[in-house]
Amino acid sequence: VSNDPTGRISRRDALRGAGLITGALAVASPAGAVRYAFHAPHQSGVVTPVQDHLILAAFDVTGSHPQLRETLRTWTTAAQRLVEGEPVASDRSPVYPPADTGETIGLGAAGLTLTFGFGPSLFTERLGLAQRRPRALIDLPHFAGDRLDPGRCGGDLVVQACANDPVVAFHAVRNLARLSEGTLALRWLQRGDGRTSSTSSREQTPRNLLGFKDGTANLDARDTEAMRRHVWVGESDQPWMSGGTYLVARRIRVRVEAWSALSLETQQAAIGRFRASGAPLSGRRERDPLRLDAYGPYGTPLIATNAHVRVASAKENHGAVILRRGFNFVDGLDPRTGELDAGLMFICYQNDPAHQFVTLQSRLSELDALSTYTVHTGSAIFACPPGVARGASLDDAVFG
Ligand code: HEM
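## Quick notes on the overall build of the protein chain
In terms of regular secondary structure, the protein chain is built from 9 helices and 11 strands. In terms of overall size, the protein chain behaves like a compact globule, its C-alpha atoms giving a radius of gyration of 21 Å where 400 residues would be expected to give roughly 21 Å. For the protein chain, the C-alpha atoms occupy an extent of roughly 75 × 55 × 45 Å along the three principal directions. Sequence separation of at least 24 residues holds for 74% of the intrachain contacts in the protein chain that already meet a minimum separation of 6. Accessible area of the protein chain: about 17,800 Å², with a carbon and sulfur share of 53%. Charged side chains in the protein chain number 43 positive and 40 negative. The centres of these two groups are separated by 4 Å.

As structure tokens, this is what we get:
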């Protein structure tokens, strides 16, 4: 979103910056805050431009089938108000607690997107949903080196709240949680700040905590044909997933102290790109294509056989690609070691996780030079239905 000479964001620029072409209508309020329409063919928060802040929250169902449906209906109304920058509900009378928790009064929508998804564990007989589980919603396998904390894994439902103001993202999740009391219980919650992946070649590529540009070779979310092929579900054994997508989240701790002690050459070799420019070690400019068959004077490949970008490349993974949409996190110190508990809240979207994320991560976990400096501590997968049509509700999709 570019500014006009008055410092305000013009409506046209906001529309352009907010990815109108993706189908999720965005408008700018007089204060200049970007606002996404809730009703759209696809849920927002996938191909809409990445914001600066994330709250990813997983919930478990503690209530009954009817309570869950009721909660999802309440969430639908609430989500629509939240993305419009309104309080989650209006107050009845001052003798009750305020309907909205209040911390975002005056902040506007701040580009809030809310993306909802259903985890494999939701599809049980108890909730009458065993027959509704899409085949593509697999249980993620164990990967080499995983050190998963069960308290950071799984979940029956997920809410991904992204916004350009951290309070706005937190407020949305907090108020949705409040509205679901008695039916849903928070299972884990991860905050992320500083998007790590650009999802469009027009943005300046942001850097992750390793200091490297992240997102250069990401799918371009504005490429509707690529999104159709790789991100949005077409036909599915569960018709309710058509137009939806699958979210895979991995909490990846980075041993930042050890990483920073490596020479620049070693860091660059591990990634396969130059730190300053982001260019591949086989090229000069950031957007130069990877040349995996380029060799140096001693016959060694310019991009090492274990370089992250080589091992993750579509060429070495039967064409598998994903839309990355991750965020940095800093969760204080590891009480056992005193080291920073920081890293990447890796989030990716795809229409076939078994042949996309799993293919990539299976190879990365075995071969990636970066894996010496990373530990996967959390993991989850969710089926995100398509956008909610006007007059419809979040429960319609999965419950039929
Ligand atoms: C802490 C963990 C990770 C860090 C710091 C990291 C960092 C990076 C960096 C700096 C790049 C190069 C710039 C770019 O194209 O974006 C990159 C590329 C990439 N990463 Fe990662 N990454 C991590 C984990 C993962 C995981 C878990 C996956 C998938 C399972 C993944 C998939 C990819 C892909 C597909 C590319 C593009 C490769 C290509 O050039 O074709 N990354 N990553």
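## Brief notes about the coordination of the iron atom of the ligand
If you check the protein contacts of the iron atom of the ligand, you find one donor only, H308 (NE2), at 2.1 Å. Structurally, the position occupied by H308 is in helix α7 (residues 308-311).

## A look at the side chain of H171
Tracing the sequence through the fold places H171 in helix α3 (residues 166-179). Relative accessible area serves as the criterion here: at 3%, H171 is assigned to the buried category. If sequence neighbours within four positions are ignored, H171 has contacts with L82, D100, T101, G102, E103 and T104.

## Things to note about the packing of helix α2 (residues 65-83) against α3
Put simply, α2 and α3 touch, their axes get as near as 10 Å, and they point 155 degrees apart. As the angle between them shows, α2 and α3 are arranged roughly antiparallel. α2 and α3 meet at a crossing whose hand is right-handed. Note on element contacts: α3 touches α2 through H171, A172, L176 and L179, opposite T74, W75, A78 and L82. Its residues assigned to classes, the contact of α2 with α3 comprises 6 nonpolar, 2 polar and no charged.

## So, the packing of aromatic side chains
Tallied over the full model, the rule gives 8 aromatic pairs. Ring centres of F118 and W240 lie 6.2 Å apart, and the angle between their planes is 70 degrees; on these two criteria the pair is classed as edge-to-face. Here F118 is found in strand β4 (residues 113-118), whereas its partner W240 is found in the loop between α4 (224-230) and β7 (245-254), with 122 residues between them in sequence. Overall, F118 belongs to the buried group, its relative accessible area being 1%. With a centroid separation of 5.8 Å and an interplanar angle of 90 degrees, the aromatic rings of F143 and F357 are classed as edge-to-face. Taken together, the residues F143 in the loop between β4 and β5 (157-163) and F357 in helix α8 (residues 357-367) connect sequence positions 214 residues apart. In terms of burial, F143 and F357 fall into one category: buried. An aromatic cluster of three or more residues is present, and its members are F59, W75 and F116. When the ring centre of Y96 is taken as reference, the NZ or CZ atom of R92 above it lies at 4.2 Å.

## Let's talk about α8
What sets the pattern is the α-helix's 3.6 residues per turn: residues three or four places apart point alike. For α8, the full list of buried residues reads F357, V358, T359, L360, Q361, L364 and S365. On its buried side, α8 packs onto β7, α7, β10 (340-350) and β11 (374-384).

## Description of the pairing of β11
Burial runs high along β11: 11 of the 11 residues are buried. Pairing between β7 and β11: 10 bridges, direction antiparallel. Paired with R253 across the bridge in β11 is V375.

## Thoughts on the nonpolar core
Counting residues in each nonpolar core, the largest one holds 56 residues, and the members touching the most others are L68, W75, L112, L114, F116, L122 and L157. Setting aside chain neighbours within four positions, we find L114 in contact with Q43, S44, A79, L82, V83, V159, Q160, A161, A172 and L176. Counting residues in each nonpolar core, the second largest holds 27 residues, with L54, L219, A226 and F382 among its members.

## Quick notes on unusual backbone geometry
A positive phi is found at A110, a non-glycine position, where the angle reads about 50 degrees. Among the structural elements, A110 can be located in the loop between α2 and β4. Looking at A110, the relative accessible area reads 11%, which means it is buried. The phi torsion at H318 lies on the positive side, around 55 degrees, for a residue other than glycine. Its location among the elements puts H318 in the loop between α7 and β8 (323-324).

## Some words on the site of the ligand
Around the ligand, the structure places 27 residues, and the nearest of them are G215, T216, A217, H308 and R324. In the environment of the ligand, an oxygen atom lies 3.5 Å from a nitrogen or oxygen atom belonging to the side chain of D214. The contact in question runs from an oxygen atom of the ligand to an N or O atom on the backbone of A217, over 2.8 Å. Residue assignment for the shell around the ligand shows that the elements contributing at least two residues are β7, α7, β10 and α8. In terms of residue count, α8 provides more of the shell around the ligand than any other element does, 4 residues in total. Its residues placed into classes, the shell around the ligand shows 16 nonpolar, 7 polar and 4 charged.

## Concerning the pairing of strand β9 (residues 327-333)
When β9 meets β10, the two strands line up antiparallel, connected through 5 bridges. If you follow L333 over to β10, its bridge partner there is L340. Hairpin connection from β9 to β10: 6 residues lie between these consecutive antiparallel strands, with G338 at a positive phi of about 75 degrees.

Rules of the game
Residues numbered from 1 in each chain as written. Predicted model: local features only at pLDDT ≥ 70, side-chain atom pairs only at ≥ 80, totals over all residues. Heavy atoms only, no water. Helix = DSSP H or I, 4+ residues; strand = E, 2+ residues; numbered from the N terminus. Rg over C-alpha atoms; globule rule 2.2 N^0.38 Å. Contact = heavy atoms within 4.5 Å. Areas by Shrake-Rupley, 256 points an atom, 1.4 Å probe, with all protein chains shown as cover. Lys, Arg positive; Asp, Glu negative; His and termini not counted. Charge placed at Lys NZ, Arg CZ, Asp CG, Glu CD. Donors = N, O, S within 2.8 Å, 3.2 Å for Na, K, Ca; no water. Buried < 20%, exposed > 50% of the residue type's maximum accessible area, 1.4 Å probe, protein only. Axes fitted to C-alpha atoms, helices over the stretch in contact; angles between N-to-C directions. Parallel < 35°, antiparallel > 145°, perpendicular 65-115°, else oblique. Left-handed = near helix turned anticlockwise from the far one by under 90°. Nonpolar A, V, L, I, M, F, W, Y, C, P; charged D, E, K, R; others polar. Phe/Tyr/Trp six-rings, centres within 6.5 Å; stacked < 30°, edge-to-face > 60°. Lys NZ or Arg CZ within 6 Å of the ring centre and 35° of its normal. Pairing = 2+ DSSP bridges. Core = buried A, V, L, I, M, F, W, Y, C linked by side-chain atoms within 4.5 Å. Near = heavy atom within 4 Å. Polar contact = N/O pair within 3.5 Å; in protein donor to acceptor, adjacent residues only side chain to side chain.

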